[in-house]
Amino acid sequence: MLTYFSIVITAIFINNIVFAQFLGICPFLGVSKKTSSALGMGAAVTFVITIATVVAWLLQVYVLDPLGLQFLQTIVFILVIAFLVQLLEIAMKKTMPALYQALGVFLPLITTNCAVLGVAILVIQKNFNLMEAIIYGVSTSIGFTLALWIFAGIREQLDLLPVPKAMKGIPVALLCAGILAMAFMGFSGIKFD
C-alpha cells in the first residue's frame, strides 16, 4: 500500500510531469489561459494517458516482449495514442459539443503531447506491474491537470494586473511557470521509508 501511495505523491508533486520532467509543455502553455479550458484539457489528457498507459503496458508485456519487438515500442505507442485521441475526439463531438468547441485546436495537441508518450514509456522503464502502471498514469495525469489549472489561474490573474508591455503574454507566463516549478521543487524533500 505504501508503494501505491508513494507512486501517487511522487507522480503528482515530486516528479510532476510538467515541472520536473518538462513533458507536455506545449499544451501547458497553449491551454492555460482560462481555468475552464485547462480543466477540460486536463480531463481529456487524464483519459488518454490512463487508457494509453494500460494499452501500451499490455502491448509491451504480451506482444512486443514475447516476440522480441521491443525496438518497435515508440512507433506502436504513438499509433495507440493517435487512435485513442481520435476516439476521444469522436466521443466528445457527440456527447460534449461545448467542451469539444472550447478545446477546438488543442484537442489534436493531445496526439502530439509528449507527456502521453512519456508516461507510457516511463511505465515500461520503471518495470511497473499493471496496477502500478494504472496508478502512475492516473497520478501523472492529475499532476498535469493540477499544474495546468494552477497556471491558468495565475494567468487569469495576470490579465487583471498592470504588467509592463515588454513582459505581457508569454514572457511573464514563462517567468511564472519557472517560479511555479521552483515551488513544486519544495516537495522533493518528502521521503518515503
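Along each chain, residues carry numbers from 1 onward, in the same order as the chain's sequence is written. Local features in this predicted model are restricted to residues of pLDDT 70 or higher, and side-chain atom pairs are both shown and tallied only at a pLDDT of 80 or more, whereas totals for entire chains, interfaces and linings draw on every residue. Note that water and hydrogens are dropped before the side-chain values are worked out from all heavy atoms of the structure.

Peer 1: Explain helix 7 (residues 114–125) here, please?
Peer 2: For an α-helix, 3.6 residues make a turn, and residues three or four places apart therefore share a direction. Spanning 12 residues, helix 7 covers 16 Å between terminal C-alpha atoms, matching the ideal 16 Å at 1.5 Å per step. For helix 7, the buried fraction is high: 10 of the 12 residues fall into the buried class. Only protein chains enter the accessibility calculation, which uses a 1.4 Å probe; a residue is then buried when its area is under 20% of its type maximum, exposed when over 50%, and partly exposed in between. To qualify as a helix, a DSSP run of H or I must reach at least 4 residues; to qualify as a strand, a run of E must reach at least 2; elements of each kind are numbered from the N terminus. Ala115, Val116, Leu117, Gly118, Val119, Ala120, Ile121, Leu122, Val123 and Ile124 are the residues of helix 7 that are buried. Contacts from the buried residues of helix 7 go to helix 3 (35–67), helix 4 (73–95), helix 6 (107–111) and helix 8 (130–158). Trailing helix 7 by a residue or two, asparagine 127 shows a phi angle of about 55 degrees, which is positive. Each residue after the first adds 1.5 Å to the expected span of a helix. Only heavy atoms enter the contact rule, under which two residues are in contact if any of them lie within 4.5 Å.

Peer 1: What is the right way to look at the environment of tyrosine 136 in this model?
Peer 2: Examined against the element boundaries, tyrosine 136 turns out to sit in helix 8. Remark: the alpha-carbon pair of tyrosine 136 and leucine 122, spanning 14 residues in sequence, is separated by 9.4 Å. Look past the residues within four positions of tyrosine 136 in its chain and what remains in contact with it is Ile7, Ala11, Gln21, Val119, Leu122, Val123, Lys126 and Phe128.

Peer 1: What exactly am I supposed to notice about the nonpolar core here?
Peer 2: Soluble globular proteins tend to bury their nonpolar side chains together. Among the buried residues, those of types Ala, Val, Leu, Ile, Met, Phe, Trp, Tyr and Cys that are joined through side-chain atoms within 4.5 Å form a nonpolar core. Counting residues in each nonpolar core, the largest one holds 56 residues, and the members touching the most others are Phe19, Phe28, Phe77, Ile110 and Tyr136. Where this core is concerned, the elements lending two or more residues are helix 1 (2–14), helix 3, helix 4, helix 6, helix 7, helix 8 and helix 9 (170–185). With near-sequence residues (within four places) excluded, phenylalanine 28 lies in contact with Val18, Phe19, Ala147, Leu148, Phe151 and Ala177.

Peer 1: What's the story with the packing of aromatic side chains in this structure? I'm lost.
Peer 2: Given two aromatic rings, one states the distance between the centres and the angle between the planes to describe the pair. Between the rings of Phe, Tyr and Trp (Trp by its six-membered ring), a pair exists once the centres lie within 6.5 Å; its type follows the angle of the planes, with under 30 degrees stacked, over 60 edge-to-face, and the other angles tilted. The full count for this structure, using the stated rule, is 7 aromatic pairs. Here phenylalanine 19 and phenylalanine 28 contribute two aromatic rings whose centre-to-centre distance is 5.6 Å and whose plane-to-plane angle is 90 degrees, an arrangement assigned as edge-to-face. Exposure remark for phenylalanine 19: the relative accessible area of 7% places this residue in the buried category. A ring pair is formed by tryptophan 57 and tyrosine 62, whose centres lie 6.3 Å apart and whose planes are at 80 degrees; its orientation type is edge-to-face. Note on tyrosine 62: relative accessible area 58%, which makes it exposed. Each residue in the set Phe13, Phe19, Phe28, Phe151, Phe184 and Phe187 is aromatic and connected to the rest through ring pairs, giving one cluster.

Peer 1: Where do I start with the side chain of arginine 155 in this structure?
Peer 2: With respect to the helices, strands and loops of the structure, arginine 155 is situated in helix 8. All tallies of charge rest on Lys and Arg as positive and Asp and Glu as negative; His and the ends of each chain are not included. When a carboxyl oxygen of Asp or Glu is within 4 Å of a side-chain nitrogen of Lys or Arg, the pair counts as a salt bridge. Buried charged residue arginine 155 carries no salt bridge. Nearest counter-charge: aspartate 159, at 6.5 Å. Those residues in contact with arginine 155, other than ones at most four positions away along the chain, are Leu29, Ser32, Lys33, Ile170 and Ala173.

Peer 1: I tried to follow helix 9 on my own but got confused; where do I start?
Peer 2: Here helix 9 is 16 residues long and its end C-alpha atoms lie 22 Å apart, about the 22 Å a rise of 1.5 Å per residue gives. Buried residues of helix 9: Val172, Ala173, Cys176, Ala177, Leu180, Ala181 and Phe184, and no others.

Peer 1: Help me understand unusual backbone geometry, please; the structure alone is not making it clear to me.
Peer 2: With glycine set apart, most residues show a phi of negative sign, and most peptide bonds adopt trans. Although it is not a glycine, phenylalanine 22 adopts a positive phi angle of roughly 55 degrees. For phenylalanine 22, the position within the fold is in the loop between helix 1 and helix 2 (25–30). Residues other than glycine seldom take positive phi values, yet asparagine 127 does so here, at roughly 55 degrees. Among the secondary structure elements, asparagine 127 is positioned in the loop between helix 7 and helix 8. Overall, asparagine 127 belongs to the exposed group, its relative accessible area being 69%.

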